[in-house]
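What the coordinates show
Residue strings, one per chain:
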Amino acid sequence: MNEPLQFDTKTRRVTLGHWAAPFGLGRDGTISACEGREGDAKTPLGSYVLRFGLYRADRLPDPASPLTMHPLHKDDAWCDAPNDPAYNRFVKRPYAGSHEVLWREDSVYDVILVMSHNDSPPVAGLGSAVFIHCRQPDHRPTLGCLALAAPDMWTLLPNLKSGLSVEVI
């Protein structure tokens, strides 16, 4: 499938071909990708590609997806310290710099899709850990990520592959 995974922030609908579902985004709305700042709780608009996925193998079976998927481990994290050399990169805990823990008690990070936001190379302070992940059951806004209900994530996974275009409009 060559069609992009498209997140329309006005309708709050994600589409891939003829498939569509609602999604959640940052609590403070959206901003252009080049204007975002670390911790602004805004979802960056722009064109990205899917890099890979992560999942909780202790809770879920290996996702049936052409997208490269890696099981999460308790010591997995993502660096969010703008002045750290590992900024906006996967790291292992314990880690001295500020980081987001990926192994969570809730189900939000049971599946994480990593896209190419601010990663080639990362620009300090332009935003980190902008993922596509599972939505909170109460549908609360994210801190800048895109969030899908878990059943919608499982429907989508078999249709994803590394390099798939992701458009946040």
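Counting restarts for each chain, with residues numbered from 1 along the sequence as it is written. Local features in this predicted model are restricted to residues of pLDDT 70 or higher, and side-chain atom pairs are both shown and tallied only at a pLDDT of 80 or more, whereas totals for entire chains, interfaces and linings draw on every residue. Hydrogens and water are ignored here; the side-chain numbers use all heavy atoms of the structure.

What follows deals with unusual backbone geometry. The linkage connecting R93 with the following residue, P94, adopts the cis geometry, with an omega of 0°. In this fold, P94 is placed in the loop between strand 8 (90–92) and strand 9 (99–101). Note that the residue after S120, namely P121, is joined by a cis bond; omega there is -10°. The residue P121 is located in the loop between strand 10 (111–115) and strand 11 (131–134) in this model. Positive phi values are uncommon outside glycine, yet R12 reaches one of about 60°. To qualify as a helix, a DSSP run of H or I must reach at least 4 residues; to qualify as a strand, a run of E must reach at least 2; elements of each kind are numbered from the N terminus. Its place among the elements puts R12 in the loop between strand 1 (5–8) and strand 2 (13–16). You will see that N88, though not glycine, has its phi angle at about 55°, which is positive. Within the fold, N88 resides in the loop between strand 7 (76–79) and strand 8. Each residue is placed in one exposure class: buried if its accessible area under a 1.4 Å probe, protein chains only, is under 20% of its type's maximum, exposed if it is over 50%, and partly exposed if it falls in between. The buried category is assigned to N88, whose relative accessible area is 4%.

This part takes up the environment of T9. Positionally, T9 belongs in the loop between strand 1 and strand 2. Note: C-alpha distance between T9 and G24 (15 residues apart in sequence) is 8.8 Å. We call two residues in contact whenever any of their non-hydrogen atoms come within 4.5 Å of each other. Not counting residues within four places of it along the chain, the set of residues in contact with T9 comprises F23, L25, T30, L45, V168 and I169. In this structure the side chain of T9 is engaged in a polar contact, spanning 2.7 Å, whose partner is the backbone oxygen of I169. Residues adjacent in sequence count toward polar contacts only when both atoms are side-chain atoms; beyond that, a polar contact is any pair of N or O atoms within 3.5 Å, and within protein one must be able to donate a hydrogen and the other to accept it.

Now for the sheet that holds strand 8. Spatial ordering of the open sheet is given by 8-7-9, a layout of 3 strands whose pairing is antiparallel. Both outer strands of the open sheet, strand 8 and strand 9, are each paired with one neighbouring strand and no more. Adjacent strand axes in the sheet meet at a mean angle of 40° when their direction is disregarded. In this structure, strand 7 lies alongside strand 9, joined through 3 bridges in antiparallel fashion. Each residue of the ladder has a partner; that of A77, found in strand 9, is V101. One requirement defines pairing of two strands: DSSP has to find at least two bridges between them. Fitting a line to C-alpha atoms yields each axis, with helices limited to the stretch in contact; the angle taken between N-to-C directions then spans 0 to 180 degrees.

Let us look at the side chain of T142. Examined against the element boundaries, T142 turns out to sit in the loop between strand 11 and strand 12 (146–148). The buried category is assigned to T142, whose relative accessible area is 8%. Engagement of the side chain of T142 in a polar contact is seen with the backbone oxygen of C145, the distance being 2.7 Å. Here T142 is in contact with L25, G26, R27, A41, H133 and A147, once residues within four sequence places are set aside.

In this description, the term disulfide denotes a pair of cysteine sulfurs within 2.5 Å. Under the counting rule described, the total for this entry stands at 0 disulfides. Cysteine C79 remains unbridged, with the sulfur of C145 as its closest cysteine sulfur at 15 Å. In this structure C145 is a free cysteine whose sulfur lies 12 Å from that of C134, the closest cysteine sulfur available. The class for C145 is buried, based on a relative accessible area of 6%.

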